[in-house]
Amino acid sequence: MAEEPQVAIRQRTFLKGTVYYDNRRASIECVIRDMSDSGARLTFDHPTTVPDNIELFIPHKQQTLRARSRRQGQHENGIAYAIHRTQQ
């Protein structure tokens, strides 16, 4: 019998964030709408293309997370953390 993959529990959030890419030479402001231990959903004011590899800075938590883009939309992006974060 195959095991079902574990689904990370998402918490609704409304946190300001900054997406850094290109070795921190470029950035995009975002709002973090959902977070889990394995990823997040980011929304943007304008249509935005997010690179595959990013760093997400969350000023409220003074936390920076490395992540990969998993799902792209015009005004939102789903990301997966490179290393699962732990609840604080």
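See above for the structure.
Only a predicted model underlies this, so the values are computations on that prediction, with no experimental measurement involved.

**Q** Before we move on, can you summarise the overall build of the chain with the specific residues and values?
**A** Helix and strand counts for the chain come out as zero helices and six strands. Looking at the chain as a whole, 38% of its 88 residues qualify as buried. Long-range contacts, defined here as pairs at least 24 residues apart, represent 46% of the contacts in the chain between residues at least 6 apart. Taken as a whole, the chain presents about 6400 Å² of accessible surface, with 47% of it coming from carbon and sulfur.

**Q** Residue-level account of the sheet that holds strand β3 (residues 39-43), with values.
**A** Pairing in this closed barrel of six strands is antiparallel, and the strands run β1-β2-β3-β6-β5-β4 around the ring. Averaged over neighbouring strand pairs, the angle between their axes works out to 45 degrees when direction is ignored. Relative to strand β6 (residues 76-81), β3 runs antiparallel, the two being bridged by five bridges. If you follow Arg-41 over to β6, its bridge partner there is Gly-78.

**Q** Describe in detail the packing of aromatic side chains, supporting the description with residues and values.
**A** All chains considered together, the criterion is met by zero aromatic pairs. A cation over an aromatic ring shows up here: Arg-24 above the ring of Tyr-20, its NZ or CZ 4.2 Å from the ring centre.

**Q** So, the side chain of Ser-36: which residues are in play, and what are the values?
**A** Locating Ser-36 in the fold gives a position in the loop between β2 (26-35) and β3. From its side chain, Ser-36 meets the backbone nitrogen of Ser-38 in a polar contact 3.1 Å long.

**Q** I'd like a rundown of unusual backbone geometry, residues and numbers included.
**A** Phi is positive for Asp-22, close to 55 degrees, though the residue is something other than glycine. Looking at where Asp-22 falls in the secondary structure, it is placed in the loop between β1 (11-21) and β2. Even without being glycine, Gln-62 reaches a positive phi, approximately 50 degrees. Topologically, Gln-62 is positioned in the loop between β4 (53-58) and β5 (63-72).

The rules behind each value
- Residues numbered from 1 in each chain as written.
- Predicted model: local features only at pLDDT ≥ 70, side-chain atom pairs only at ≥ 80, totals over all residues.
- Heavy atoms only, no water.
- Helix = DSSP H or I, 4+ residues; strand = E, 2+ residues; numbered from the N terminus.
- Buried < 20%, exposed > 50% of the residue type's maximum accessible area, 1.4 Å probe, protein only.
- Contact = heavy atoms within 4.5 Å.
- Areas by Shrake-Rupley, 256 points an atom, 1.4 Å probe, with all protein chains shown as cover.
- Pairing = 2+ DSSP bridges.
- Axes fitted to C-alpha atoms, helices over the stretch in contact; angles between N-to-C directions.
- Phe/Tyr/Trp six-rings, centres within 6.5 Å; stacked < 30°, edge-to-face > 60°.
- Lys NZ or Arg CZ within 6 Å of the ring centre and 35° of its normal.
- Polar contact = N/O pair within 3.5 Å; in protein donor to acceptor, adjacent residues only side chain to side chain.

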